[in-house]
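Tertiary structure, described
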Amino acid sequence: MSKQIRLGILTPSSNTALEPLTFQIISSLPNVSVHFSRFPVTKISLSPEGLAQFDHSVIIQAAQLLAHAEVDMIGWSGTAAGWMGFESDEKLCEAITKATGIPTTTSVLALNKALKIFKIKKLGLVTPYLDDVQERIVKNYNNYGVEVTSETERHLRVAKNTDVAQIGEDALEKMVADVVEGGAEAVSTFCTNMIAAHKVELWETKYGVPVLDTVTTVTWDMLRQCEVDTKAIKGWGRIFQEA
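Residues numbered from 1 in each chain as written. Predicted model: local features only at pLDDT ≥ 70, side-chain atom pairs only at ≥ 80, totals over all residues. Heavy atoms only, no water.

A closer look at the overall build of the chain
Condition: Elements are defined by DSSP. Helices are runs of H or I of four residues or more, strands are runs of E of two residues or more, and each kind is numbered from the N terminus. Radius of gyration: over C-alpha atoms. The globule rule applied is 2.2 Å multiplied by the number of residues raised to the 0.38 power. Residue exposure (1.4 Å probe, protein chains only): buried if accessible area is under 20% of the type maximum, exposed if over 50%, otherwise partly exposed. For the accessible areas, the method is Shrake-Rupley and the probe is 1.4 Å, while residue cover comes only from the protein chains on display.
Of the regular secondary structure elements, the chain holds twelve helices and seven strands. For the chain, the C-alpha radius of gyration of 17 Å lies close to 18 Å, the compact-globule estimate for 243 residues. When its C-alpha atoms are laid out on the principal axes, the chain stretches across 45 × 45 × 30 Å. Taken over 243 residues, the chain has a buried fraction of 57%. Taken as a whole, the chain presents about 10,200 Å² of accessible surface, with 51% of it coming from carbon and sulfur.

So this is what it looks like as structure tokens:
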């Protein structure tokens with residue numbers, strides 16, 4: 001009998017997309033269950049209030065609740081490190097593991113692992129975010145050695161997180177098409193409240209490049225670190241079959 005694996009996922013309080021998507025992604029793995037803990041996030045901005053939502057002490061409290069369930073792995077299913085700096089997620093993971101004894105990863109750190117595996121040098125960045133938030137993310141990836149240009153980024157200037165989940169498939173389709181046309185070697189749908197993960201395989205087939213959704217990346221990395229064979233996950237993208 002396969003060992004039962006429990007995944008613990010940290011969730012922004014206003015996010016309505018990532019939980020059902022994550023359940024669907026792991027549905028073909030009978031020995032894996034997923035459990036969630038929330039902390040307050042309502043608006044994405046670079047204001048002091050917007051940045052304070054991601055204070056590590058608050059996130060650690062939510063992680064400690066997941067530890068009560070004796071989860072095997074903790075994942076932060078969120079993209080704040082995109083604008084706050086990748087090192088912020090590295091420090092968060094260290095702090096959570098120190099507080100709980102449980103290994104931890106994040107959507108962004110997992111995405112960056114996947115970019116290395118697929119040898120991506122030019123990324124298509126599709127987000128719902130405000131101009132200044134997007135500029136920070138673009139700058140951080142360019143500094144990281146992954147090029148994002150005006151031709152390979154698209155964003156929708158949405159701040160309220162509940163509005164992000166209302167973004168329709170037509171808008172997402174256009175943004176993905178635009179960044180591929182702009183020369184992207186891979187696309188990231190970079191926000192865990194965009195309902196995009198279920199479209200990944202269709203886009204990969206249509207455009208011929210990996211599509212790395214941030215709900216998907218953290219789930220993939222958690223399973224990988226728990227030594228779960230991800231090839232059993234069909235229909236959710238090349239990351240589960242090739243990375």
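Moving on from the coordinates now.
Looking at the pairing of strand E1 (residues 5–12)
Using the following cut-off: Throughout, right-handed denotes a crossover for which the path from the first strand over the helix to the second runs clockwise when the strands point away from the viewer. The pairing criterion is simple: DSSP has to find at least two bridges between the two strands.
Burial runs high along E1: seven of the eight residues are buried. What joins E1 to strand E2 (residues 32–39) is helix H1 (residues 18–25), and the crossover it makes is right-handed. Here E1 pairs with strand E3 (residues 73–76) via four bridges, running parallel. Pairing of Leu7 across the sheet is with Met73, part of E3.

Some points on the pairing of strand E5 (residues 123–127)
For E5, the buried fraction is high: five of the five residues fall into the buried class. Side-chain alternation along E5 places Leu123, Leu125 and Thr127 on one buried face and Gly124 and Val126 on a second face that is also buried. Relative to strand E7 (residues 186–189), E5 is paired through four bridges, and the arrangement is parallel. The residue bridging Leu125 from the neighbouring strand is Ser188, located in E7. Alignment of E5 against strand E6 (residues 153–155), held across three bridges, turns out to be parallel. By the bridge assignment, Val126 is partnered in E6 with Arg154. Note that the unit made of E5, helix H7 (residues 131–144) and E6 has a crossover that is right-handed.

Here we look at the pattern of salt bridges
This is how the line gets drawn: Definition used for salt bridges: Asp or Glu carboxyl oxygen within 4 Å of a side-chain nitrogen of Lys or Arg.
In this structure the tally under the stated criterion is ten salt bridges. Ionic pairing is found between Asp221 and Lys113, a salt bridge with its closest N-O pair at 2.8 Å. Placement of the pair is Asp221 in helix H11 (residues 214–225) and Lys113 in helix H6 (residues 107–117), with a sequence separation of 108 residues. Residue classification places Asp221 among the buried residues on the basis of a relative accessible area of 0%. The class of Lys113 is partly exposed, set by a relative accessible area of 32%. Asp221 is paired through a salt bridge with Arg224; the nearest N and O atoms lie 3.1 Å apart. Separated by three residues within a single helix, Asp221 and Arg224 lie in helix H11, roughly one turn from each other. Here Arg224 falls in the partly exposed class, since its relative accessible area comes to 36%.

Comments concerning the sheet that holds strand E4 (residues 104–106)
How we decide: Axis lines are fitted to C-alpha atoms, over the contacting stretch for helices. Their N-to-C directions set the angle, which ranges from 0 to 180 degrees. The contact rule is simple, with two residues in contact once any of their heavy atoms fall within 4.5 Å.
Read from one edge of the open sheet, four strands run E2-E1-E3-E4, paired in parallel fashion. Of all strands in the sheet, those with a lone pairing partner are E2 and E4, marking the two edges. Strand-to-strand twist in this sheet, taken as the mean axis angle between neighbours without regard to direction, amounts to 25°. Relative to E2, E1 is paired through eight bridges, and the arrangement is parallel. By the bridge assignment for E2, Gly8 is matched with His35. Along the sheet, helix H3 (residues 56–68) contacts E1, E2 and E3; its crossing angle with E2, the most-contacted strand, is approximately 145°. Each of E1, E2, E3 and E4 touches H11; the most contacted strand, E3, lies at about 165° to it.

Remember that the coordinates give geometry; whether it matters functionally is a separate question.
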